[in-house]
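Structural overview
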Amino acid sequence: MFKKGNLLRLLLIGILLDACAWAAPHANTGSAWQTSTNVPAGSSSTSPVTNTPNAPVSINLTVARLKIKHIVIIMQENRSFDHYFGTYPGADGIPMQNGVPTVCLYDPKTGQCIKPFHDPNDINHGGPHGSSPAVMDIDGGKMDGFIQSVLQGRRGFCRNPNAPGCTSGSQGPDVMGWHDAREIPNYWAYAQNFVLQDHLFEPNASWSLPEHLFMVSGWSASCSNPNDPMSCTSDLDKPGRGLFAGGTKKDYAWTDLTYLLFKNNVTWGYYLTEGVEPDCSDDAMFCGPKLLRLKVPGIWNPLPNFTDVHQDNQLDHIQKIDSFYAALKDGSLPSVSWITPENAISEHPPASIHAGQAYVTGLINAIMQSPEWDSTVIFLSWDDWGGFYDHVVPPTVDQNGYGLRVPGLVISPYAKKGFIDHQILSHDAYLKFIEDIFLGGSRIDPKTDGRPDSRPTVREDAPQLGDLLKDMDFTQPLLPPLILPVDPPSGPASIPGP
């Protein structure tokens, strides 16, 4: 715990930094302490996105910049918030009364109205999860199109049942199913001991590739000229036409975060578990699994397709997951790490939930058992909703999103233990946090970053977007590591019933 004298010194540092270092070079980059308005379930926000003036550097941000040396983003696949945490105590979960859901969705095939139900199965199927299914699921704010999307996805023959526009004809309506500590005890243990975010939304209303583009760049687009960042326009269906033609050309011309990290000598790594990706690269029904390789652009590995990554000679920062474990041991962990799985451990339906949880637990255990734990913040999330039911209407920030709600966990010795964060958040908040901690608040902003592109919105400055620093308490004793078994026993039921 900080002593009063140290806190006073840090406060003085914060005032001096605000007056001298950060004010002039980073004007018009947005506030690191900008607050957001919570959007209750069944409502949405449609406020326009605008840049905000620079605010004073807070004491909390000043301390965070001194204490946080590593940010690790673990991105799993295709689960909605209600699907994983809809019955978590205190969270904005499935509407219930006396443990019984008060909502149900009509199944036109059976004529029944299906309530959310506990699903004990390790293998789920989900539903379509492209941009059109997102519109159908949300249904103008009614949040009642999930079963209809499943039926719509069954109408075509699906060579790959994992395709985002497709649903296996043999599966039941498991999009209304939910899990709790009986199936995902470790995820619930992380929520109980660290921070659970119950209003974290996918940044885009579409599937995995656009989300991974937003994760590293704050945008998803297609560009007519790979050498002209101003030639790009928003695209949530087939961003980067070269990828869909089976090529490996550099056709993501807009600016991604690695450009600013490289420019400011901030180390980064993008770590892959090589294998296969389940989603079709053209968001269609007719394809087989695609290989996931370091230097091959893909749905979960978009950075090799960015022009600026090639221009900065940063391709060698895309590495196998073995390099991440090695960096933990030898003290070379970069400041920023993104970690993506391969299909079998991704939790992307129909992959095993148990296998995905075991993989994530192994990653987090390794971080906690390393010397880097005391200076690390881990963000664990799932890239899109996977077609699974969620009852909260996504806020609107621009024409690209937000998308549906996904689970989010903040795991760190500085996390507020057992805290549920109700702020409006998206994966854009990870970009904002990285920029605030390591880049002095600089943004991927065409007006200030030195590499202008035609993005419609500086997503990090969206007025709806909350502040991840509010999930942390730098005055508390450091939370100890929570080493969990990779093959845990089932936890207790969250509500009475099967």
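Structure's up top.
Predicted model, so just to flag it, every value in this text is computed and none were measured. (Residues numbered from 1 in each chain as written. Predicted model: local features only at pLDDT ≥ 70, side-chain atom pairs only at ≥ 80, totals over all residues. Heavy atoms only, no water.)

A few points about the overall build of the chain
In plain terms, the rule: Runs of H or I in DSSP of at least four residues are treated as helices and runs of E of at least two as strands, each being numbered from the N terminus. Any two residues whose heavy atoms approach within 4.5 Å are treated as being in contact.
Across its full length, the chain holds 13 helices and 20 strands. In the chain, the share of contacts with a sequence separation of at least 24, taken over all contacts with a separation of at least 6, comes to 81%.

What to know about the pairing of strand 16 (residues 336-340)
Worth spelling out the cut-off: Summary of the burial criterion: residues with accessible area below 20% of their type's maximum are buried, those above 50% are exposed, and those between are partly exposed, where the area comes from a 1.4 Å probe applied to protein chains only. Being paired, for any two strands, means DSSP has found at least two bridges between them.
Taking burial as the measure, the five residues of strand 16 include five buried ones, the bulk of the element. Residues Val336, Trp338 and Thr340 line one face of strand 16 and the alternating positions Ser337 and Ile339 line the opposite face, and both faces are buried. The pairing of strand 1 (residues 70-76) with strand 16 spans four bridges and is parallel. Looking at strand 16, one finds that Ile73 is bridged to Trp338. The pairing of strand 12 (residues 268-272) with strand 16 spans five bridges and is classified as parallel. Across the sheet, Leu272 pairs through a bridge with Thr340, a residue of strand 16.

Here's the deal with the nonpolar core
We count it as follows: Definition used in this section: a nonpolar core is a set of buried Ala, Val, Leu, Ile, Met, Phe, Trp, Tyr and Cys residues joined via side-chain atoms within 4.5 Å.
Phe85, Phe324, Trp338 and Phe379 are the most contacted members of the largest nonpolar core, which has 108 residues in total. Of the residues forming this core, the biggest block, eight residues, is contributed by helix 12 (residues 353-368). When near neighbours in sequence (up to four residues on either side) are disregarded, Trp338 contacts Ile73, Met215, Val216, Leu257, Thr258, Leu261, Trp268, Gly269, Tyr270 and Tyr271. Within the second largest apolar cluster, 15 residues are counted, among which are Leu105, Met143, Val175 and Ala205.

Structural notes on helix 7 (residues 208-217)
Along an α-helix, residues three or four apart share an orientation, since each turn contains 3.6 residues. Burial of helix 7 is extensive: ten of the ten residues sit out of reach of the surface. Looking only at helix 7, the buried set comprises Ser208, Leu209, Pro210, Glu211, His212, Leu213, Phe214, Met215, Val216 and Ser217. Directly after helix 7, the chain includes Gly218, whose backbone phi takes a positive value near 75 degrees.

Some thoughts on the state of the cysteines
Rules: A pair of cysteine sulfur atoms is labelled a disulfide when the two atoms are within 2.5 Å.
A full pass over the atoms with the stated rule returns two disulfides. Between the sulfur atoms of Cys104 and its disulfide partner Cys113 the distance amounts to 2.0 Å. Residues Cys104 and Cys113 are joined by a disulfide whose S-S torsion is about 90 degrees; by sign, that bridge is right-handed. Overall, the relative accessible area of 35% leaves Cys104 in the partly exposed class. Two residues, Cys223 and Cys232, share a disulfide whose sulfurs are 2.0 Å apart. When the S-S torsion is 100 degrees, as for the bridge of Cys223 with Cys232, the disulfide is right-handed.

Quick look at the pairing of strand 18 (residues 408-411)
In strand 18, alternate side chains face the same way, and those of Gly408 and Val410 on one face and Leu409 and Ile411 on the other are all buried. One ladder, built from three bridges, connects strand 8 (residues 195-197) with strand 18; its direction is antiparallel. Within strand 18, the position partnered with Val195 by the bridge is Val410. Where strand 17 (residues 376-382) meets strand 18, four bridges bridge the pair, whose relative direction is antiparallel. When the sheet's bridge partners are listed, Ser381 is paired in strand 18 with Gly408.

Quick notes on the sheet that holds strand 1
What counts is decided by this rule: Structural elements are reduced to axes, namely lines fitted to C-alpha atoms, with helices fitted over the stretch in contact, and the angle between N-to-C directions of any two is expressed from 0 to 180 degrees.
Strands sit in the order 15-12-16-1-17-18-8-19 across an open sheet of eight strands; the sheet is mixed. Bordering the open sheet on either side are strand 15 (318-320) and strand 19 (419-421), each of which pairs with just one other strand. Neighbour-to-neighbour, the strand axes of this sheet turn through a mean angle of 20 degrees, independent of strand direction. Against the sheet, helix 12 makes contact with strand 1, strand 16, strand 17 and strand 18, and its axis sits at roughly 175 degrees relative to strand 1, the strand it touches most.

Describing the packing of helix 6 (residues 185-193) against helix 12
Which entries qualify depends on this criterion: In this scheme, roughly parallel covers angles under 35 degrees and roughly antiparallel covers those over 145, while 65 to 115 is roughly perpendicular and the rest are oblique. Here the nonpolar group is Ala, Val, Leu, Ile, Met, Phe, Trp, Tyr, Cys and Pro; Asp, Glu, Lys and Arg are the charged ones; every other residue, Gly included, is treated as polar.
Where helix 6 contacts helix 12, the axes come no closer than 9 Å and their chain directions differ by 40 degrees. As summarised for this structure, helix 6 and helix 12 are arranged oblique, according to the angle between their axes. Contacts between helix 6 and helix 12 involve Pro185, Asn186, Tyr187 and Tyr190 on the former and, on the latter, Gly356, Gln357, Val360, Thr361, Ile364 and Asn365. Classifying every residue of the contact of helix 6 with helix 12 by side-chain character gives five nonpolar, five polar and no charged.

Quick look at the pattern of salt bridges
Applied cut-off: Any carboxyl oxygen of Asp or Glu that lies within 4 Å of a side-chain nitrogen of Lys or Arg is treated as forming a salt bridge with it.
For the structure shown, the criterion picks out nine salt bridges. Between Glu435 and Arg443 there is a salt bridge; the shortest N-O distance is 3.1 Å. Look at Arg443 and you get buried, because its relative accessible area is 1%. A cluster of three or more residues bridged by salt bridges with shared partners is formed by Glu435, Asp436, Arg443 and Asp461.

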